[in-house]
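The chain contents come next:
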Amino acid sequence: MAITNFNVEYQSSVSPEKMFKVLIADAPRHHPKLLPQIIKSIEQNGSIITTTYTDGSQLKVKADSIDPQNLTCKHTFLHGEMIKNDREFLSTEYKFEPASNGGSIIKVKGECRTKNGSISDHAEEKEGINTLCKLAEEYLVANPTACA
């Protein structure tokens, strides 16, 4: 077993409150709009969030904590593509902070525990987080009243 950590920092021109709403608080409503070719739907039942992809596969995530006042959240991935054969645990913590330019800085910390001791550079996870943040930013710039 090996435990690895990764960090991602994304700078956005959009406020932290709006980015938090699109990426976290209102994800079931917005994520299918951000990635319609990939995400069919997102449903939340209590703390369990299920994403259904257009190919029929699913991702299940537990929202361990969501704090809209402090713009933070923590998720544990339970089932799906992010929990591959060699992984037994993956979690992410998001923190949305104001930037000096009026935009935001999104900081993501990830932790992964593998079953067989393999170590990853987490390039796939980092790319996915950056892509989702970029799509959210582009969506909010194009639709400024989406989270008003």
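The following refers to the structure shown. (Residues numbered from 1 in each chain as written. Predicted model: local features only at pLDDT ≥ 70, side-chain atom pairs only at ≥ 80, totals over all residues. Heavy atoms only, no water.)

The next subject is the sheet that holds strand E5 (residues 72-79). If you trace the 7 strands from one edge of the open sheet to the other, you get E1-E7-E6-E5-E4-E3-E2, paired in antiparallel fashion. Single-partner strands in this sheet number two, and they are strand E1 (2-12) and strand E2 (39-45). Each strand of the sheet is rotated relative to its neighbour by a mean of 20°, with strand direction disregarded. By the bridge criterion, 5 bridges tie E5 to strand E6 (residues 87-98) in an arrangement that is antiparallel. Residue pairing across strands places Lys-74 opposite Glu-93, the latter belonging to E6. Most of the contacts of helix H3 (residues 123-142) go to E1, to which it runs at about 25°, and overall it touches E1, E6 and strand E7 (104-114). (Pairing = 2+ DSSP bridges. Helix = DSSP H or I, 4+ residues; strand = E, 2+ residues; numbered from the N terminus. Axes fitted to C-alpha atoms, helices over the stretch in contact; angles between N-to-C directions. Contact = heavy atoms within 4.5 Å.)

Take the state of the cysteines next. Evaluation of the coordinates by the stated rule reveals 0 disulfides. Free cysteine: Cys-133, not disulfide-bonded; nearest cysteine sulfur from Cys-73 at 11 Å. Residue classification places Cys-133 among the buried residues on the basis of a relative accessible area of 1%. (Disulfide = S-S within 2.5 Å. Buried < 20%, exposed > 50% of the residue type's maximum accessible area, 1.4 Å probe, protein only.)

With the rule as written, the count across this model stands at 5 salt bridges. Close ionic contact of Lys-95 with Glu-97 constitutes a salt bridge, the shortest N to O distance being 3.5 Å. Ionic pairing is found between Glu-97 and Lys-107, a salt bridge with its closest N-O pair at 3.2 Å. Taken together, the residues Glu-97 in strand E6 and Lys-107 in strand E7 connect sequence positions 10 residues apart. Here Lys-107 falls in the partly exposed class, since its relative accessible area comes to 33%. Each of Lys-95, Glu-97 and Lys-107 takes part in one network of salt bridges that share partners. (Salt bridge = Lys/Arg side-chain N within 4 Å of Asp/Glu carboxyl O.)

Further remarks concern the packing of helix H1 (residues 16-25) against H3. The geometry of H1 relative to H3 is characterised by a closest axis approach of 10 Å and an angle of 115° between their N-to-C directions. With respect to the hand of their crossing, H1 and H3 are arranged in right-handed fashion. Here H1 contributes Lys-18, Met-19, Val-22 and Leu-23 to the contact with H3, which in turn contributes Leu-132, Cys-133, Ala-136, Glu-137, Tyr-139 and Leu-140. (Left-handed = near helix turned anticlockwise from the far one by under 90°.)

To continue, consider helix H2 (residues 27-34). Every buried residue of H2 is listed here: Ala-27, His-30, His-31, Pro-32 and Leu-34. Looking at the buried residues of H2, the elements they touch are H1, E2 and H3.

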